[in-house]
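Understanding the architecture of this molecule
The residues making up each chain are set out below.
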Amino acid sequence: METREQWSNRAGFLFAAIGSAIGLGNIWRYPYIAYENGGGAFLIPYFIALLTAGIPILLLEYSLGHRYRGSAPQVFRKISKKWEWLGWWQSFVAFIIVSFYVVIIGWSLNYTYYSIGTQWGDDTEAFFFENFLGLSGGFWEMGGLQWKVLLPVFLIWLIIFVVMHLGVRKGIEGASRILMPILILMMVIITIRAVTLPGAGEGLNVLLTPDFSSLTDPQVWVAAYGQVFFSLSIGFAIMLTYASYLPKKSDLSNSGLIAAFANSGFEFLAALGVFGALGFLAASQGVDVNSVVNAGVGLAFVVFPQIINQFPGLNSLFGVLFFGSLLFAGFTSAISILEPTIASVKEKFNLSRRAAVNWVCGLAFLLSLLYTTQGGLRYLDTVDHFINQYGVALAGLVEVLLIAWFVRRLNEMRTHINEISDIRIGNWWNLCLRVITPVMVLVMTGFSLFQEWLKPYEDYPLNGIALMGWGSVVLTIVVAVVFQRLDWKQTQVQGGKKE
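Residues numbered from 1 in each chain as written. Predicted model: local features only at pLDDT ≥ 70, side-chain atom pairs only at ≥ 80, totals over all residues. Heavy atoms only, no water.

An unreviewed UniProt entry lists the protein under the name Transporter, from Kroppenstedtia guangzhouensis.

Pasting the structure below:
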C-alpha cells in the first residue's frame, strides 16, 4: 500500500485550503447576497453564522480527517461501518459539482481572451446567451455541442488532469502556492481601480449602508448561514480529505481560523470591487445603481462586460484581470472539489493515484459534455441549485448529527484538536454543533423547500426539475449506498489497528 501523501508544511495546507474556499461564489454571489440582505448590517448575521456554524463545522472536518487519516468513506467507516455511505455521498456530491464547475471556468477562460479588444461588442447579453452559449429555445432542446464552450472546457480538464496526476504536494499544493498570491494581487488591483472610478462611491453606499431593520427578518439570517455554509467548502468532504494529508503534529484550530477569516476577507474585498464597478456603470448609463445589480453568471458575463466597455482607458487589461481572477479562483476550487472523489476511489479499490485520477477525471469530463450543449446553461443552473441546496447542505447536516448525536464523539474530536493546537476550543463548540448548526441547516432547508413549493425553480418544467434537479440529489445517495456494499480491496485500519 502506498505511503499516505502529505502537504510539505502547514503553509502549503493553508494555501490549498484557502484556495478551495475562495471560489467563484466569493466574487459573484457574496456581493449580491450582502446587498440584498441589509447591506452593511448583513455583516452582523454573517459573522455570527461564521462563528456558530462555519468555523465549528470546518474544525470538525479538520479533526475527522486528521484523527482518522483517510478519505471520507474510510473515515466514516472507521467511526461505524454502517456509515461509510455518508462519505460516498459527500464524495459524489463533490463529483457532480466539479462536472459543471469546470464548465464555468471554461467560460472564464474564453472571456479572458474576449476581453482583449472587448470582442463581445455592445450587446453583451445577446453575445453571451446567443453567440457564445447558443442557448436553445426550451429546457429539453439540448441541441448540439457548442465548440466555443467545449474546447476551453477540454483544455481546463487537461490542465486539471496533469495537476491531479502530480499529487497532493506537487500538484494541488504547487498550483495553490502559485495561483493564490496572484489571485489576491489581481483582486486588490481590481478593487483599488474600481473604487476610484467615477460613481463608485454611490455603488459602495448601496452596498455598505446598513439597514438594521433587516436583522429582524428571518430570511436574512437564513441567507447568512447559507452563504457561510456554501463558501467554506464544508459538507462535501474537501476539508476532511485535505486535513488527512496533514502531519500528525498540526495546529488545527489556528489553521481553521486563518482559512475561515481569509475567505471572509476575500469576499469583502471582492464586494467592494464589484459594487464600485457597478456604481461606475450606473453613473455611465445615468441610471440608479439598483437597476444594474445582478448576481451569478449574469453579473460576471453580462454586466461586467458592460462595465469593461465603459472603462476609462486600458479596458482590455481590466477585463483580463477580472476574468483571470474568476479563472484562478475557479481552478483552485475545482482541484479541491475533485480530490475527495479521487482519494475515495483510490482507497476503496486499492488503485494507484494515476489510475484513480484517470477514472474520476475521465468520467467527470464525460458528464461535463452535457453542460457544453446548447441547453447546457439550463441543466447547469438546475443541477447547481439542487445539489447545493439539498446535497451539500443535507450531507453536512447528517455529518454533524452523526458525530454530535448518533455516535457522540464531539468530546473526542475536541480533545484531539486541543491536544495539538495552540488555540483551545471549549464547550461553545459542542453547543454550536449539537444545537445551533443543525437547527439553522434545517431552517435553511425548510425555507428552500417552501420556496420550491411556491414556485418551480426559474419556472423550469416540472419534469426537468424532477430529473435534473431532484434526480441529481437522489442519484448521489443511491450510488453512495451501492458503493458502500462493494468490498474494500485493501486491509482496512480501524482505530489504529488492522481489522
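There is more to say, and it comes next.
**Details of the packing of aromatic side chains**
Where we set the bar: Side-chain rings of Phe, Tyr and Trp, where Trp is taken by its six-membered ring, are said to pair if the distance between their centres is within 6.5 Å; with planes under 30 degrees apart they count as stacked, over 60 as edge-to-face, and otherwise as tilted. A run of H or I in DSSP counts as a helix once it spans at least four residues, and a run of E counts as a strand once it spans at least two, with each numbered from the N terminus. Summary of the burial criterion: residues with accessible area below 20% of their type's maximum are buried, those above 50% are exposed, and those between are partly exposed, where the area comes from a 1.4 Å probe applied to protein chains only. For a Lys NZ or an Arg CZ to count as sitting over a ring, it must be within 6 Å of the ring centre and within 35 degrees of the ring normal.
Scanning the entire structure with this criterion turns up 52 aromatic pairs. Aromatic side chains Phe-139 and Tyr-379 sit 5.4 Å apart centroid to centroid with 75° between the ring planes, which places their arrangement in the edge-to-face category. With Phe-139 in the loop between α7 (124-132) and α8 (147-195) and Tyr-379 in helix α16 (residues 376-406), this pair connects stretches of sequence that are 240 residues apart. Grouping residues by exposure puts Phe-139 and Tyr-379 together as buried. The positively charged end of Arg-67 is found above the aromatic ring belonging to Tyr-68, 4.8 Å away from the centroid.

**Comments concerning helix α19 (residues 462-485)**
Stated precisely, the cut-off is as follows: For a helix, the expected span equals 1.5 Å multiplied by the residue count minus one. Whether two residues touch is decided by their heavy atoms; if any such pair falls within 4.5 Å, the residues are in contact.
The end-to-end C-alpha distance of α19, which contains 24 residues, comes to 33 Å, matching closely the 34 Å that a straight helix rising 1.5 Å per residue would cover. Three or more residues of α19 are buried, namely Gly-464, Ile-465, Met-468, Gly-469, Ser-472, Val-473, Thr-476, Ala-480 and Phe-483. The elements touched by buried residues of α19 are α6 (84-114), α14 (315-348) and α16.

**Considerations on the pattern of salt bridges**
Here is the rule: Here, a salt bridge means any Lys or Arg side-chain nitrogen found within 4 Å of an Asp or Glu carboxyl oxygen.
For the coordinates displayed, the defined rule picks out eight salt bridges. For Arg-353, the salt bridge is made with Glu-5, and the minimal N-O distance between the two is 3.3 Å. With Arg-353 in helix α15 (residues 353-368) and Glu-5 in the segment before α1 (10-21), the pair connects residues that are 348 residues apart, well separated along the chain. Between Arg-67 and Glu-412 there is a salt bridge, with its nearest N and O atoms 3.6 Å apart. Taken together, the positions of Arg-67 in helix α4 (residues 43-68) and Glu-412 in helix α17 (residues 410-420) put the pair 345 residues apart, joining distant regions of the chain. A relative accessible area of 33% means that Arg-67 is categorised as partly exposed. Given a relative accessible area of 30%, Glu-412 falls into the partly exposed group. Residues participating in the shared-partner salt-bridge network are Glu-5, Glu-339 and Arg-353.

**Notes on the packing of α4 against α16**
This is how it is decided: Angular values range over 0 to 180 degrees, each being the angle between N-to-C directions of two axes fitted as lines to C-alpha atoms, with helices fitted over their stretch in contact. For classification, angles of less than 35 degrees are called roughly parallel, those exceeding 145 degrees roughly antiparallel, those between 65 and 115 degrees roughly perpendicular, and all remaining angles oblique. Helix crossings get a hand from a simple test, with the near helix turned counterclockwise from the far one by less than a right angle marking a left-handed crossing and a clockwise turn marking a right-handed one. Residues were grouped as follows: Ala, Val, Leu, Ile, Met, Phe, Trp, Tyr, Cys and Pro as nonpolar; Asp, Glu, Lys and Arg as charged; and all remaining residues, including Gly, as polar.
Orientation of α4 relative to α16, taken along the N-to-C sense of each, is 70°, at an axis distance of 11 Å. What the angle tells us is that α4 and α16 run roughly perpendicular. Helix-helix and strand crossings are classified by hand; for α4 and α16 the assignment is left-handed. Contacts between α4 and α16 pair Ile-57, Leu-60, Glu-61 and Leu-64 from the former with Glu-399, Val-400 and Ile-403 from the latter. Here the contact of α4 with α16 is built from residues that sort into five nonpolar, no polar and two charged.

**Brief notes about the packing of α4 against helix α10 (residues 218-231)**
Orientation of α4 relative to α10, taken along the N-to-C sense of each, is 40°, at an axis distance of 8 Å. As summarised for this structure, α4 and α10 are arranged oblique, according to the angle between their axes. Note that α4 runs across α10; the crossing there is right-handed. For the pair formed by α4 and α10, the contact residues are Pro-45, Tyr-46, Ile-48, Ala-49, Leu-50, Thr-52, Ala-53, Gly-54 and Ile-57 on the first element and Val-220, Trp-221, Ala-224, Tyr-225, Gln-227, Val-228 and Phe-229 on the second. For the contact of α4 with α10, the per-class residue count stands at 13 nonpolar, three polar and no charged.

**Some words on the environment of Thr-3**
Within the secondary structure, Thr-3 is located in the segment before α1. When its relative accessible area of 72% is taken as the criterion, Thr-3 is described as exposed. When the C-alpha atoms of Thr-3 and Val-292 are compared, they prove to be 53 Å apart, with 289 residues separating the residues in sequence.

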